[in-house]
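Read off the chains here:
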Amino acid sequence: MDNSLFSYSLRVPAGWSGRIWGHHECSFNASGRGSCATGDCGGSLYCNGLGGVSPATLAEITLGEEDFYDVSLVDGYNIAVSITPFRGKGKCSRAGCISDLNAMCPAGLQVKSHDNKVVACKTLGELPPRATKALRPMNPLTTIGNPR
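Now for a quick tour of the structure. These numbers come from a predicted model, not from an experiment. (Residues numbered from 1 in each chain as written. Predicted model: local features only at pLDDT ≥ 70, side-chain atom pairs only at ≥ 80, totals over all residues. Heavy atoms only, no water.)

1. Focus: the overall build of the chain
Looking only at helices and strands, the chain has two helices and nine strands in total. Reading the secondary structure of the chain in the N-to-C direction produces β-β-β-β-β-β-β-β-β-α-α. Considering only intrachain contacts with a sequence separation of at least 6, the fraction spanning at least 24 residues in the chain is 40%. For the chain, the exposed surface amounts to about 9700 Å²; the carbon and sulfur share of it is 53%. (Helix = DSSP H or I, 4+ residues; strand = E, 2+ residues; numbered from the N terminus. Contact = heavy atoms within 4.5 Å. Areas by Shrake-Rupley, 256 points an atom, 1.4 Å probe, with all protein chains shown as cover.)

2. Side note on the sheet that holds strand 4 (residues 58-62)
Strand pairing in a sheet is mediated by backbone hydrogen bonds. Such pairs are either parallel or antiparallel. Across the sheet, which stays open at both edges, the three strands sit in the order 1-4-5 with antiparallel pairing between neighbours. Edge positions in the open sheet fall to strand 1 (17-21) and strand 5 (68-72), since each of these has one partner strand only. Here the strands of the sheet are splayed against their neighbours by 15° on average, with no regard to which way each runs. (Pairing = 2+ DSSP bridges. Axes fitted to C-alpha atoms, helices over the stretch in contact; angles between N-to-C directions.)

3. Considerations on the pattern of salt bridges
This structure, assessed with the given rule, holds three salt bridges. Note that Asp75 is salt-bridged to Arg19, the shortest N-O span being 3.4 Å. Of the two residues, Asp75 sits in the loop between strand 5 and strand 6 (81-83) while Arg19 sits in strand 1, which places them 56 residues apart along the sequence. Taking the relative accessible area as the measure of exposure, Asp75 reaches 23% and is therefore partly exposed. By relative accessible area, Arg19 is classed as partly exposed at 42%. (Salt bridge = Lys/Arg side-chain N within 4 Å of Asp/Glu carboxyl O. Buried < 20%, exposed > 50% of the residue type's maximum accessible area, 1.4 Å probe, protein only.)

4. Things to note about the pairing of strand 2 (residues 24-28)
Inspection of the sheet shows strand 2 paired to strand 3 (residues 34-38) by four bridges, in the antiparallel sense. In the strand pairing of strand 3, Phe28 is matched with Gly34. The turn linking strand 2 back onto strand 3 is made up of five residues, and Gly32 within it adopts a positive phi angle of 85°.

5. Focus: the nonpolar core
Residues Tyr77 and Cys97 are the most contacted members of the largest nonpolar core, which totals 14 residues. Sorting the residues of this core by element identifies strand 4 and strand 6 as the ones contributing at least two each. Beyond its immediate sequence surroundings of up to four residues, Cys97 is in contact with Val71, Leu73, Tyr77, Ala80 and Val81. Formed by five residues, the second largest nonpolar core is a distinct cluster that contains Trp21, Cys41, Cys47 and Leu58. (Core = buried A, V, L, I, M, F, W, Y, C linked by side-chain atoms within 4.5 Å.)

6. Description of the state of the cysteines
Summed over the entire model, instances satisfying the criterion amount to three disulfides. Each sulfur in the disulfide pair Cys26 and Cys36 lies 2.0 Å from the other. One quick way to see it: the torsion about the S-S bond of Cys26 and Cys36 is about 110°, and its sign makes the bridge right-handed. In this pair, Cys26 sits in strand 2 while Cys36 sits in strand 3, placing the two residues ten residues apart along the sequence. Residue classification places Cys26 among the partly exposed positions, given a relative accessible area of 34%. According to the relative accessible area criterion, Cys36 is buried, its value standing at 11%. Between the sulfur atoms of Cys41 and its disulfide mate Cys47 the distance is 2.0 Å. Residues Cys41 and Cys47 are joined through a disulfide that is left-handed, its torsion about the S-S bond being -80°. Like Cys41, the residue Cys47 is buried in the burial classification. (Disulfide = S-S within 2.5 Å.)

Given below as structure tokens:
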């Protein structure tokens with residue numbers, strides 16, 4: 001996995017609410033059509049309201065009287081994400097998952113790129129029920145934020 005840091009600043013209007021995720025292993029033509037191994041949204045570079053295909057790490061943000069935000073693995077994991085608010089309302093601190101969870105993803109949950117590198121980790125909900133029983137104790141996505 002490329003461990004280089006990438007920062008993106010986003011200006012949104014007051015009262016905005018939404019989800020943000022990263023694409024990974026993408027290829028697009030000059031008109032913005034193509035595909036991504038993870039986080040793809042209908043073959044378009046700009047999602048324009050479409051949701052990303054899981055697995056994808058999500059940044060979830062709601063702005064209002066108080067601002068709420070989190071980094072969620074409910075749709076799986078593809079890249080490390082953190083949120084650092086600027087001029088927010090409320091008790092704002094950094095949130096995120098900056099570890100490479102792809103490195104510890106069980107084989108049955110791995111999504112691999114064309115060159116066989118692990119680029120994402122699915123959630124147990126994406127597998128048939130019979131397969132989830134064996135993988136549950138090994139899946140890093142079931143234990144994050146849920147200490148035993």
